[in-house]
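Okay, here's what each chain looks like letter by letter:
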Amino acid sequence: MNCDVLFGFHAVKTTLKFDAVRAQKLMIIADRKDERIGQVIEMAQAHNISIERCNRKVLDELTKKAAHQGVALVCEPIKAKDESYLDALLDQLAVDDQEPAFLLVLDGVTDPHNLGACIRTADAAGVHAVIAPKNNSAPLNSTVAKVACGAADVVPYIQVTNLARTLQQIQQRGVWIAGTSGQATQDVYQASLSGPLAIVMGAEGKGMRRLTTENCDFLLKIPMVGEVSSLNVSVATGVCLYEALRQRRQS
C-alpha cells in the first residue's frame, strides 16, 4: 500500500494529535535527544506507534532531502471526504445558530503547494470545510500536508463529482455563493460576507469555469493598484477569507 511521509515537527505533531489512527511509524535521527524530539516520542508512544531511530541519510532519502528537522512520520494516505460528509456538515451547521456556515471552494486548483497553502489559511480563518471537484484538482498528499502545517488533518477536504450541482445544493441550504473574478463589478471590501457563505476561488491562471461562475450568487474581485494583474490563488484566498472573517467577527 502507498504511504505518505510527513516531516517536520509541526506536521508530525498535528497528525499525532488529530489523526494518529493513520500513523504507522515514527522515524527520528538517532543522535537527536532534545526536548522537541522527546515530545514527539511521547505522543507516538501514547498511540502505540512504532519508533525507529535512523541516520540522517535515511531521513534525507525518505523525505527527498526536504527540511525534515530530524523527524518523519510514515502514514496511510490521508483521504478526502465525499458528498455525504458535506450533507452531514451542513446539517450540523444549520443546528448551530451561533456560527453560520463558512466554506472555501477551489475550482481546479491543481498545484499541491497551493492547495496546502489554501487549507492552512482556511484553518486559520475558521473555514468549516474546503470543497473541490474530484477531477482536475490536487489530491491530498504529503506535499499538501507539509505545506498545510497540519491543517490538512483538521480541515475537511471534500471532493465532489459535480461541482456545479454541489453549489446548487449549498445554495438550497441558505448559503450564499461568492465567486472571485477579475470581471466582477464590486471588490471584496464592498460586499457583505458575514452570513452563511462559500467563497469560490478559480484555478491558477484560468479562474473559475463557466458553469461554476453561473452558479455563483455574486462575484468579487480583489482591487489591484500595481502593475500585476492577478495574485497567486493561495494569496488571493487569504485576502478573501480574512475579509470575510473580519466581517463575521463584527456582526
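See the structure shown above.
Described in the following lines is the structure provided in the data block. Not measured: the values here are computed from a predicted model.

Another aspect to go through is the packing of helix α5 (residues 112–125) against helix α9 (residues 233–250). It is at 9 Å that the axes of α5 and α9 come closest, and there the two elements cross at 10°. In terms of axis orientation, α5 runs roughly parallel to α9. Counting all contacts with α5, which are made through Asn114, Ala117, Cys118, Thr121, Ala122, Ala124 and Ala125, the residues of α9 involved are Val233, Ser234, Thr237, Gly238, Leu241, Tyr242 and Leu245. Grouping the amino acids of the contact of α5 with α9 by side-chain chemistry returns nine nonpolar, five polar and no charged.

Spatially, β7-β6-β5-β9-β8-β10 is the arrangement adopted by the six strands of the open sheet, whose pairing is parallel. Edge positions in the sheet fall to β7 (157–160) and β10 (218–220), since each has one partner strand and no second. Neighbour to neighbour, the strand axes of the sheet diverge by 25° on average, direction disregarded. In this sheet, strand β6 (residues 129–133) lies alongside strand β5 (residues 102–107) in parallel orientation, the contact comprising three bridges. Along β6, the bridge assignment pairs Leu104 with Val130. Sitting on the sheet, α9 is in contact with β5, β8 (176–180) and β9 (197–202), with an inclination near 165° to β9.

This paragraph deals with the nonpolar core. Counting 37 residues, the largest nonpolar core has Leu104 and Ile119 as its most contacted members. Of all elements in the fold, only β5, α5, β6, α6 (142–148), β9, β10 and α9 reach the threshold of two or more residues within this core. The element that contributes the greatest number of residues to this core is α9, accounting for six residues. Each residue touching Ile119, except ones within four places of it in the same chain, is listed here: Val130, Leu140, Val144, Ala148, Ala151, Ala152, Val155 and Tyr157. In this structure, Leu90, Ala129, Leu163 and Ile177 belong to the second largest nonpolar core, which totals 20 residues.

The rules behind each value
Residues numbered from 1 in each chain as written. Predicted model: local features only at pLDDT ≥ 70, side-chain atom pairs only at ≥ 80, totals over all residues. Heavy atoms only, no water. Axes fitted to C-alpha atoms, helices over the stretch in contact; angles between N-to-C directions. Helix = DSSP H or I, 4+ residues; strand = E, 2+ residues; numbered from the N terminus. Parallel < 35°, antiparallel > 145°, perpendicular 65-115°, else oblique. Contact = heavy atoms within 4.5 Å. Nonpolar A, V, L, I, M, F, W, Y, C, P; charged D, E, K, R; others polar. Pairing = 2+ DSSP bridges. Core = buried A, V, L, I, M, F, W, Y, C linked by side-chain atoms within 4.5 Å. Buried < 20%, exposed > 50% of the residue type's maximum accessible area, 1.4 Å probe, protein only.

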